[in-house]
Amino acid sequence: MPASILEAHNLVKKYGDLVAVNDVSFAIEEGEIFGLLGPNGAGKSTTISMLSGLLPPTAGKAIIAGLDVVRETAKVKQIIGVAPQELALYPTLTGRENVRFFGELYGLRGKALIERVDEVLGYVGMLERANDRVQTYSGGMKRRINLAAALVNHPRLLFLDEPTVGVDPQSRNHIFESVERLNREQGVSILYTTHYMEEAERLCHRVGIIDRGRLIALNTPRRLIESLGGGVIQLGLPGADESVRSAVAALPAVRAASFLAPEGAGLPEADQTSATGGQGKAILKIEALHSNEALLQVLHYCNEAQLQILSLDLLEPNLETVFLNLTGKSLRD
Amino acid sequence: MRILSILRKDLLILLRDRGEMASLFLMPLAFIVPIALVFPPDGYNLNADRKPALPVAMYDIVDGAVGAQAQELLDLLVQSYALEQNTPAEEAAQLGPAVQAACAKPGPACDEAAGREKVLRNWRTVALIVPEGFSAAIAASERISVTLLYNPARNPVERQLAEGVLTGATMRLSIEHQLINGLRQFGDLIALAPEEVRRNIDRSAEFEATPVDWSPALSVVSVQPTAALISVTPNTLQQTVPGYTVMFVYFMIGAVAASLKLERNTRALRRLMTTPVGRGELLAGKVLSALLVSVLQIGVLFAIGALFFGMTLGNAPGALALLTVTVALSAVCLGLAAAAYNFERGLTLVLIVAALLAGCMFPADWLPPVLRVVNVFLPQTWAMQGFQDLITRGMGLPEVLPEIAALLGFAILAFAAAVRKFNDEEWRR
Ligand SMILES: Nc1ncnc2c1ncn2[C@@H]1O[C@H](COP(=O)(O)OP(=O)(O)O)[C@@H](O)[C@H]1O
Ligand SMILES: [Mg+2]
């Protein structure tokens, strides 16, 4: 069993009445890329702040490389690198000056500093523009410098908080490759937060799905997707009621069926149905054991029951669908 | 070592902020240069005369009239100065009870008292006292001195000018008389003497002593009144250069606040808190960098005043340097406080009004007394007063210690308030 570089034990963060992080526990193994996937406001950044010693947790504790983050913050800081969600850079300094400054704060000096700065700038592909001021960079280039600054101290554990927000495709690829290389070649463990499921699927060895402060699922991307079974069908059925739902749920190829709140669906019919007594239950979400058979059975049932189908979606089995299946909401807002 | 890194970073950021640099260095010059070029040197001195005035106390009265040689001296001086004698009663009253008392009986004692007071009040650069027996001594080629009272706070050039004129006049007088006495011994040469000299010889017939010493018999003694008594209206440069320098030094408050705000808004501060750097180091780096820029600012502005406009810098460079650092420190610490309490909107207006009340734009003496009480609470007032003590009044370190203490007080209070406000959550936000 590989040792854990990070352990989060029942972390809680409250802001007044708001519970931003609610009893979150997980562990990251040495050399692992661990993803925290969740929509905006789920509590990802707050979790990272507690894990990196920025915020004291309301309850629970975090251990990094055997050190208590709250009590041994100074030692922990030497081990970790943090690329915050916001571009925590000085706009009027050049990319190189920024990286160099953060390197100096870790005690790097002289030749070692110069070499390391060049190395990390090369890593993120920013050597050419390194002597331009950060304010002249595109969003993607700023992100790459942001990542470089987090790497300068040779961290064993890297926190990347939504590192690809507002990034052009070229920079995005650069960041992906840097992250993969760092992990593969230098064995850096990474906590990667995102609300893009493709990123979590592509990069992460394991993914924790977080919503409203709670960790609601944790597994490898493959296992998470497999948990969907035969896939998910979304059916727009105006006028459908509880009897329809239970009838659909009882079909042999269907594992479960539930109504989806119409808010995210954006169907104009939603208003209409609620007006006709459908109580807003316009979209039926059907978890299939086997998608083809379930589809046939559902269509057959609707036909028999003379239910009008307004829309039909067969959802791709991916983490987005996993999230939707777990929360009834979309990852993006 | 980390402090140095932070200092360098903050210095770079400050120096690259063109807007802030312009308001620190160019804005004060935009005021100083036109005022220095356009206004007369005594632009702020409401009592300044067009022709330099010279109060004279004439004690050398022979038979109810000014002694002949003394009169010659006055005739020479009148070419360069508007002589003030026979102080009128209203003027004496204006100069205070002591002068009024001395002027109960008109005469040289009254003129001396008036002259002294005018110098003390800096209405005049110098005052002349001609002692009793002046004419007799000159005629006898004996040693005698006149007294030139001067105000050390005024531009020394003005004083040197007065000394020069006076020395020139007295030398001419005494040498002339020595020469005449000499010539009398060589009677046959008298015929060769020019008309004017011959007339003088006739008049000097009353003196029989022969000169034994050919060096100038008359000397000028310059006397400086005690500094504590001097109340001074600064000249245009002494007012304008420190005034606008002080005004814009405190614009550093905005620059420091902006730099901290940038750090917070970009979340760079948050990232800093994930590195091993301490809060104390962060603050120290920021304070030191801003302090350097502020000291540089004052230095550059004073240097421009001194080099291009002939502003004087007083007699105590050490005290001036110390005061400069203290002023800069108070500005920087107030900047931290402004950042901590998010005081940003309206800051410029407050700084302008404060500068006005503190006497940065015109002498604070012109303000109504009510406002002069208010401005005790403004660091600008103390900064201005300190610089005026050193530059305009020619004082030294002991006299500006109260100002330095007051400014340090402002700095410490502001720093403490800032640190208090930057509690943990603030830093991490
Ligand atoms: N300093 C704060 N004060 C109050 N509420 C906060 C603060 N920081 C975050 N929150 C709230 O906590 C929740 C989680 O925020 P965050 O961790 O930033 O989410 P994420 O990074 O997943 O988008 C949000 O509802 C957010 O509004
Ligand atoms: Mg976030």
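Below you will find a few notes about this structure. These numbers were taken from a predicted model, which means no experiment stands behind them. Every chain begins its residue count from 1, and numbering advances along the sequence as written. Here chains are named by letter from A upward and ligands by number from 1 upward, in the order in which they appear as written. In view of the model being predicted, local features appear only for residues whose pLDDT reaches at least 70, and side-chain atom pairs are presented and counted only at 80 or more, with totals across whole chains, interfaces and linings using the full set of residues. As a convention, hydrogens and water are excluded, and side-chain values are obtained from all of the structure's heavy atoms.

Think of it this way: any DSSP run of H or I at least four residues long counts as a helix, any run of E at least two long counts as a strand, and we number them from the N terminus. For chain A, the count of helices and strands is twelve helices and 14 strands. Residue burial is assigned from relative accessible area. The probe radius is 1.4 Å, only protein chains are included, and a residue is buried under 20% of its type maximum, exposed over 50%, and partly exposed in between. By the burial criterion, 53% of the 333 residues in chain A qualify as buried. Here chain A displays about 14,200 Å² of accessible surface, and carbon together with sulfur accounts for 50% of that area. For the area figures, the Shrake-Rupley method with a 1.4 Å probe applies, and any residue is considered shielded solely by the protein chains shown.

Note on ring pairs: Phe, Tyr and Trp rings are taken, using the six-membered ring of Trp, and paired if centres are within 6.5 Å. Classes follow the plane angle, with under 30 degrees stacked, over 60 edge-to-face and the rest tilted. The full count for this structure, using the stated rule, is eight aromatic pairs over all chains. Where phenylalanine 26 of chain A meets phenylalanine 34 of chain A, the ring centres are 4.7 Å apart and the plane angle is 5°; that geometry is what we call stacked. Taking 6.3 Å as the distance between ring centres and 15° as the angle between the ring planes, the aromatic pair formed by tyrosine 90 of chain A and phenylalanine 102 of chain A counts as stacked. Of the two residues, tyrosine 90 of chain A is situated in the loop between strand 6 (80–83) and helix 3 (95–105) and phenylalanine 102 of chain A in helix 3; the sequence distance between them amounts to twelve residues. Here tyrosine 90 of chain A matches phenylalanine 102 of chain A in class, with each residue buried. By way of ring pairs, the aromatic residues Phe31, Tyr244, Phe248 and Phe251 of chain B are connected into one cluster. Note on criteria: charge over ring means Lys NZ or Arg CZ within 6 Å of the ring centre, with the direction from the centre no more than 35 degrees off the ring normal. In this structure, arginine 181 of chain A is placed above the aromatic ring of tyrosine 123 of chain A, and the distance from its NZ or CZ to the ring centre is 4.3 Å. For the cation-ring pair, arginine 271 of chain B lies above phenylalanine 102 of chain A, with the distance from its terminal atom to the ring centre recorded as 4.9 Å.

A separate point is the nonpolar core. Met247, Tyr250, Met252, Phe302, Val327 and Phe387 of chain B are the most contacted members of the largest nonpolar core, which has 69 residues in total. Put simply, the parts of the chain that give this core at least two residues each are helix 2 (18–38), helix 11 (236–249), helix 12 (252–265), helix 14 (279–309), helix 15 (317–340), helix 16 (347–357), helix 18 (379–392) and helix 19 (397–421) of chain B. Among the elements that take part in this core, helix 15 of chain B stands out by supplying 13 residues, more than any other. Note on contacts: a residue pair is in contact if any heavy atoms of the two residues lie within 4.5 Å. Setting aside anything within four residues of it in sequence, one finds tyrosine 250 of chain B in contact with Val327, Ser330, Ala331, Leu334, Leu351, Pro379, Gln380, Ala383 and Leu407 of chain B. Judged by nonpolar contacts, the second largest core, of 63 residues, contains Val117, Ala148, Val179 and Leu203 of chain A. As used in this record, nonpolar core signifies buried Ala, Val, Leu, Ile, Met, Phe, Trp, Tyr and Cys residues forming a set joined through side-chain atoms within 4.5 Å.

All names here are of chain B. Burial runs high along strand 5 (residues 126–130): five of the five residues are buried. If DSSP finds at least two bridges between two strands, the strands pair. Relative to strand 5, strand 1 (residues 53–58) runs parallel, the two being bridged by three bridges. In the strand pairing of strand 5, alanine 57 is matched with isoleucine 129. Relative to strand 6 (residues 144–150), strand 5 runs antiparallel, the two sharing four bridges. Note that in strand 6 the partner of alanine 127 across the bridge is leucine 149.

With that out of the way, let us pick up the pattern of salt bridges. The term salt bridge refers to a side-chain nitrogen of Lys or Arg lying within 4 Å of a carboxyl oxygen of Asp or Glu. All told, the structure shown has 31 salt bridges over all chains when counted by the stated rule. Of the charged contacts, one joins arginine 181 of chain A and glutamate 185 of chain A as a salt bridge, the two residues approaching to 3.5 Å between their closest N and O atoms. With a gap of four residues between them, arginine 181 of chain A and glutamate 185 of chain A both fall in helix 6 (residues 169–186), about one helical turn apart. Notably, a salt bridge pairs glutamate 263 of chain B with lysine 9 of chain B, separated by 2.7 Å at the nearest N-O pair. Of this pair, glutamate 263 of chain B sits in helix 12 while lysine 9 of chain B sits in helix 1 (residues 2–16), placing them 254 residues apart in sequence. Given a relative accessible area of 2%, glutamate 263 of chain B falls into the buried group. For lysine 9 of chain B, a relative accessible area of 2% puts it in the buried group.

Attention now goes to the coordination of the magnesium ion (ligand 2). Coordinating N, O and S atoms are those within 2.8 Å of the metal (3.2 Å for Na, K and Ca), and as water is not part of the atoms, a site may appear to have fewer donors than expected. Binding of the magnesium ion (ligand 2) to the protein goes through Ser45 of chain A (OG) and Gln85 of chain A (OE1), at separations of 2.0 Å. You can see serine 45 of chain A sitting in helix 1 (residues 44–51) and its partner glutamine 85 of chain A sitting in the loop between strand 6 and helix 3, a full 40 residues away along the chain.

Bringing the site of ligand 1 into the picture now. All names here are of chain A. A molecule or strand has a residue near it when one of that residue's heavy atoms lies within 4 Å. Around ligand 1 sit Tyr15, Leu18, Ala20, Pro39, Asn40, Gly41, Ala42, Gly43, Lys44, Ser45, Thr46 and Gln85, and those are all the residues in its vicinity. Within the backbone of alanine 42, one N or O atom sits 3.2 Å away from an oxygen atom of ligand 1. Serine 45 is positioned with one of its side-chain polar atoms (N or O) 2.7 Å from an oxygen atom of ligand 1. Across the complex, the protein chains shield 64% of the 560 Å² of accessible surface that ligand 1 would expose by itself. Mapped by element, the contributors of at least two residues to the shell around ligand 1 are strand 2 (18–29) and helix 1. When residues of the shell around ligand 1 are assigned to their parent elements, the largest contribution, three residues, is made by helix 1. For this scheme, ten residues count as nonpolar: Ala, Val, Leu, Ile, Met, Phe, Trp, Tyr, Cys and Pro. Four count as charged, namely Asp, Glu, Lys and Arg, and the remainder, Gly too, count as polar. Broken down by class, the residue content of the shell around ligand 1 amounts to five nonpolar, six polar and one charged. N or O atoms closer than or at 3.5 Å make up a polar contact, with two conditions inside protein: a donor-capable atom paired with an acceptor-capable one, and, for residues adjacent in sequence, both atoms drawn from side chains.

This part covers the packing of helix 18 of chain B against helix 19 of chain B. Residues and elements named next belong to chain B. Comment: axis = line fitted to C-alpha atoms, over the contacting stretch for helices; angle = value between 0 and 180 degrees taken between N-to-C directions. The geometry of helix 18 relative to helix 19 is characterised by a closest axis approach of 9 Å and an angle of 155° between their N-to-C directions. What the angle tells us is that helix 18 and helix 19 run roughly antiparallel. Regarding helix 18 and helix 19, the two cross each other, and that crossing is left-handed. Across the interface between the two elements, Pro379, Trp382, Ala383, Gln385, Gly386, Asp389 and Leu390 of helix 18 pack against Glu399, Val400, Pro402, Glu403, Ala406, Leu407 and Phe410 of helix 19. Note on terminology: angles under 35 degrees are roughly parallel, angles over 145 are roughly antiparallel, angles of 65 to 115 are roughly perpendicular, and the others are oblique. What makes a crossing left-handed is the near helix being turned counterclockwise from the far one by less than a right angle; a clockwise turn instead makes it right-handed.

Moving on to helix 1 of chain A. Residue and element names in this part refer to chain A. Burial within helix 1 is extensive, with seven of its eight residues counted as buried. All of the buried residues along helix 1 are Lys44, Thr46, Thr47, Ile48, Ser49, Met50 and Leu51. Glycine 53, located one to two residues past helix 1, shows a positive phi value of around 80°.

All names here are of chain B. Taken N-terminus to C-terminus, the directions of helix 14 and helix 15 make an angle of 130°; their axes are 8 Å apart at the nearest point. Taken together, the axis directions place helix 14 and helix 15 in an arrangement best described as oblique. As helix 14 runs across helix 15, the sense of the crossing is right-handed. Along its contact with helix 14, which presents Leu283, Val287, Ala290, Leu291, Ser294, Val295, Ile298 and Phe302, the element helix 15 presents Leu320, Thr324, Val325, Val327, Ala328, Leu329, Val332 and Leu336. Across the contact of helix 14 with helix 15, the residue classes break down as 14 nonpolar, two polar and no charged.

Since one α-helical turn is 3.6 residues long, residues separated by three or four positions face the same way. Residue and element names in this part refer to chain B. Expected helix span is given by 1.5 Å per residue-to-residue step, counting one fewer step than there are residues. Taking 1.5 Å of rise per residue, the 21 residues of helix 2 would be expected to cover 30 Å, and the 28 Å separating its terminal C-alpha atoms lies within 8% of that figure. By definition, a residue's bend is the angle between the axes fitted to the seven residues ending there and the seven starting there. Its maximal kink placed at leucine 24, helix 2 deviates by approximately 35°, while the proline proline 28 follows within four residues. Looking only at helix 2, the buried set comprises Glu20, Met21, Ser23, Leu24, Phe25, Pro28, Leu29, Ile32, Ile35 and Ala36.

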